[in-house]
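# Remarks on the overall topology
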Amino acid sequence: MEQAAAKAARDPRLDFFRGSAMFIIFIAHCRGNFLWDYIPARYGLSDAAEMFVFLSGMAASIAFGGTFIRQGWLIGTARILYRCWQLFVAHLGLFFTGAMLVAAATRWWDEDYIGANDLQSFFRDPAAGLVGLFTLTYVPHYFDILPLYMVVLAMVPGMMLLARINPALVPAVSVTLYAAAVTWGWNFPANADEQPVWYFNPFAWQLIFFTGFALRRGWVKVPLDSKPLFWGSVLVLLAGLSISLPSVFGRVPAIEALRLWIMAHSDKTNLDLLQYLHFLASAYVIVVLLKGREDILLSAPLRPFVKCGQQALSIFVSGMVLSFLGGMVFDHAGDGAAVQIAVNGACFGTLFGIAYGVAWIKSTPWKRPPARAVAPSVVVAPLERDGDIAPAQVAAAKLLT
């Protein structure tokens, strides 16, 4: 029983960092939020997008990988398709909610929120936009994470077939697909304003997804006690930090030249390899430092983030909607300290509440058997004079039974 319980326990690292990524994504999309200056992207090359896709690969390995092994390829594929359908519905719901909000804000404040969110083509030609939206041939920039997730998740059945032959084929095919996409420009059409193709190219970004997937399945193993690997990762992080801080690159010409070269050659759409390397270095350092200390993530201050990671889809969609609303509040109420505290406090509190609420709903409390009413017990005390039961007590006991 103890072994079964241990296997069923969730990894707090996965849930905590998935939850943290949801909040970073909210901050990054919330226009005017002062916390934007403190998200990881300001201190290195990688950001929450790499974290989200990598951890999604690990989560998919846990959620679906075992199904392929235990119940076969067809059942595993069916589960993947069902999850893709859920993601598609969530994508549509997010888009229509976001479109409604920017349309209402444009009408209410007479400001071009439609243009600010790059949705001009949809409102200019809704018929074409609807067809494109439902066929994933219209993917505007702020609504591109879930389509990416759908496509890479749909690749899992094929990778599981390759793993039956040899697990090493999975990373090999993933690297080959990445190289082909970058070399020949494979991508899907987005047909959006300022964005002709998908901003996150799924043929390239599958590399980081299946990196997480393969690591979690054990197809790729990385030693956690390698000092060269650890200190090499630290150097990568320090290099990323040096080209991100003006106080550093502004004073060292060589670092400034390196920063300008990286900026000129970076390719976010095709998962820039320097960003990929920086993220892997970040992940390695964090995992090594947390080794044996994972319970820290279950402490009271951090537990809400773990809960949000357990309900990642609900929190992602809710966070994106709140980012639209929060940005509008900053636009019209200012971005002073009081407004920052109020907006971030309200949004963070709402996301925490949603996470716990969704978890409660998923526990299906209505299926639990109702607690049975227990009749009050009657204390029958003997009389001191002769040990007989008092007549009134006997009568009361008969009435209650």
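Residues numbered from 1 in each chain as written. Predicted model: local features only at pLDDT ≥ 70, side-chain atom pairs only at ≥ 80, totals over all residues. Heavy atoms only, no water.

### Considerations on the overall build of the chain
Applied cut-off: Elements are defined by DSSP. Helices are runs of H or I of four residues or more, strands are runs of E of two residues or more, and each kind is numbered from the N terminus. The globule rule is 2.2 Å times the number of residues to the power 0.38, and the radius of gyration it is compared with is taken over C-alpha atoms. Here the term buried applies to any residue with accessible area under 20% of the maximum for its type, exposed to any over 50%, and partly exposed to those in between, with areas from a 1.4 Å probe on protein chains only.
Counting secondary structure elements, the chain contains 19 helices and two strands. Taken over C-alpha atoms, the radius of gyration comes to 27 Å for the chain, far larger than the 21 Å a tight globule of 401 residues would show. Projected onto its principal axes, the C-alpha positions of the chain cover 105 × 60 × 50 Å. Out of the 401 residues belonging to the chain, those deemed buried represent 44%.

### Topic: the nonpolar core
Under the convention used in this document: Throughout, nonpolar core names a set of buried Ala, Val, Leu, Ile, Met, Phe, Trp, Tyr and Cys residues whose side chains join them through atoms within 4.5 Å. Contact between two residues is taken to exist if any of their heavy atoms lie within 4.5 Å; hydrogens are not considered.
Within the largest apolar cluster, 97 residues are counted, with the highest numbers of intra-cluster contacts made by L153, V156, W205, F209 and F316. When residues no more than four places from it in sequence are discounted, the contact partners of W205 are A49, E50, V53, L148, F200, K268, T269, N270 and L271. Of all hydrophobic cores here, the second largest spans five residues; its members include F230, V234, Y284 and V288.

### Describing the packing of aromatic side chains
Stated precisely, the cut-off is as follows: Stacked, edge-to-face and tilted are the three classes for Phe, Tyr and Trp ring pairs, Trp counted by its six-membered ring, which pair at centre distances within 6.5 Å; planes under 30 degrees apart are stacked, over 60 edge-to-face, the rest tilted. Charge-over-ring placement is defined geometrically: NZ (Lys) or CZ (Arg) within 6 Å of the ring centre, and within 35 degrees of the ring normal.
Applying the stated rule across the entire model yields 33 aromatic pairs. By way of ring pairs, the aromatic residues F16, F17, F23, F26, F305, F348 and F352 are connected into one cluster. R42 extends its terminal NZ or CZ atom over the ring of W36, reaching a point 3.8 Å from the ring centre. Above the ring of F249, the side-chain terminus of R259 is found at 4.1 Å from the ring centroid.

### A look at the side chain of R259
For R259, the location among the structural elements is in helix α14 (residues 253-265). The exposure class assigned to R259 is buried, which follows from its relative accessible area of 17%. The contact partners of R259, leaving out residues within four places of it in the chain, are I243 and F249.

### Some thoughts on a nonpolar patch on the surface
The condition that has to hold: Within the patch definition used here, like charges are joined within 9 Å and nonpolar side chains (Val, Leu, Ile, Met, Phe, Trp, Tyr) within 5 Å, considering only residues with over 30% relative accessible area and no salt bridge. In these tables, accessible area is a Shrake-Rupley quantity obtained with a 1.4 Å probe, and a residue counts as shielded only by the protein chains included in the view. Salt bridges are defined as contacts in which a side-chain nitrogen from Lys or Arg sits within 4 Å of a carboxyl oxygen from Asp or Glu.
There is a patch of nonpolar side chains on the surface, built from L258, W261, L274 and L277 and spanning about 380 Å² of accessible area. Breaking the nonpolar patch down by element, the ones donating at least two residues are α14 and α15 (273-290). Among the structural elements, L277 can be located in helix α15. Given a relative accessible area of 45%, L277 falls into the partly exposed group.

### What about α14?
Spelled out, the test is: Multiplying 1.5 Å by the residue count of a helix minus one yields the expected span of that helix.
With 13 residues, α14 should reach 18 Å at 1.5 Å per residue; the first-to-last C-alpha distance of 18 Å fits that figure. Where α14 is buried, its residues touch α12 (227-242), α13 (246-249) and α15.

### Details of the packing of helix α2 (residues 12-29) against helix α17 (residues 312-333)
For clarity, the cut-off: Helix axes are fitted only over the stretch in contact, all axes being lines through C-alpha atoms; the angle between N-to-C directions runs from 0 to 180 degrees. Each angle receives one of four descriptions, namely roughly parallel if under 35 degrees, roughly antiparallel if over 145, roughly perpendicular if within 65 to 115, and oblique otherwise. By convention, the crossing between two helices is left-handed when the near helix turns anticlockwise from the far helix through less than a right angle, and right-handed when the turn is clockwise.
Where α2 meets α17, the closest approach of the two axes is 8 Å, and the angle between their N-to-C directions is 15°. What the angle tells us is that α2 and α17 run roughly parallel. Like other packed secondary-structure pairs, α2 and α17 cross with a definite hand, here right-handed. Contacts from R18, M22, I25, F26 and H29 of α2 reach α17 at A312, I315, F316, G319, M320, L322 and S323.

### Description of the pattern of salt bridges
A full pass over the atoms with the stated rule returns seven salt bridges. Where R31 meets D331, a salt bridge forms, and the shortest distance between an N and an O atom there is 2.7 Å. Residue R31 is located in the loop between α2 and α3 (48-71), and its partner D331 is located in helix α17; the two are separated by 300 residues in the primary sequence. One salt bridge in this structure joins K268 and D47, with 2.7 Å as the shortest N-O distance. Placement of K268 in the loop between α14 and α15 and of D47 in the loop between α2 and α3 is noted, with a sequence separation of 221 residues between them. Of the residues examined, K268 reaches a relative accessible area of 15% and is grouped as buried. Through salt bridges with shared partners, a single network forms among D11, R13 and R216.

### As for the state of the cysteines
What counts, and what does not: Any two cysteine sulfur atoms within 2.5 Å of one another count as a disulfide.
For the coordinates displayed, the defined rule picks out zero disulfides. The structure places no disulfide on C347, whose sulfur is separated from the nearest cysteine sulfur, that of C30, by 6.2 Å.

### What about the confidence of the model for the chain?
The condition is simple: pLDDT runs from 0 to 100 and stands for how confident the predictor is about each residue.
With 90% of its residues at a pLDDT of 70 or more, the chain shows a mean pLDDT of 89. The low-confidence segment residues 379-401, where pLDDT is below 50, has ten contacts with residues more than four positions distant or belonging to other chains.

### Concerning the environment of V288
Among the structural elements, V288 can be located in helix α15. Taking the C-alpha atoms as reference points, V288 and V222, separated by 66 residues in sequence, lie 11 Å from one another. In contact with V288, not counting residues within four places along its chain, are L224 and F230.

### Some words on the pairing of strand β1 (residues 189-192)
Filter applied, for reference: Following DSSP output, two strands are said to pair if at least two bridges run between them.
The side-chain alternation of β1 yields one buried face, formed by A190 and A192, and one unburied face, formed by P189 and N191. Judged from the two bridges that link them, β1 and strand β2 (residues 195-197) form a sheet pairing that is antiparallel. By the bridge assignment for β2, P189 is matched with V197.

### A closer look at the packing of helix α4 (residues 73-109) against α17
How we decide: Throughout, the ten residues Ala, Val, Leu, Ile, Met, Phe, Trp, Tyr, Cys and Pro are labelled nonpolar, Asp, Glu, Lys and Arg are labelled charged, and all others, Gly among them, are labelled polar.
Where α4 meets α17, the axes come as close as 10 Å, and the angle between the chain directions of the two elements is 10°. Viewed along their axes, α4 and α17 adopt a mutual orientation that is roughly parallel. Contact residues: α4 offers R83, L87, A90, L94, T97, G98, L101, V102, A105 and W109, while α17 offers L313, F316, V317, M320, V321, F324, L325, M328 and H332. Among the residues forming the contact of α4 with α17, the class breakdown is 15 nonpolar, three polar and one charged.

### Some thoughts on unusual backbone geometry
Even without being a glycine, L136 presents a positive backbone phi close to 60°. Here L136 lies in the loop between α7 (126-135) and α8 (145-154). Owing to a relative accessible area of 18%, L136 belongs among the buried residues under this scheme.

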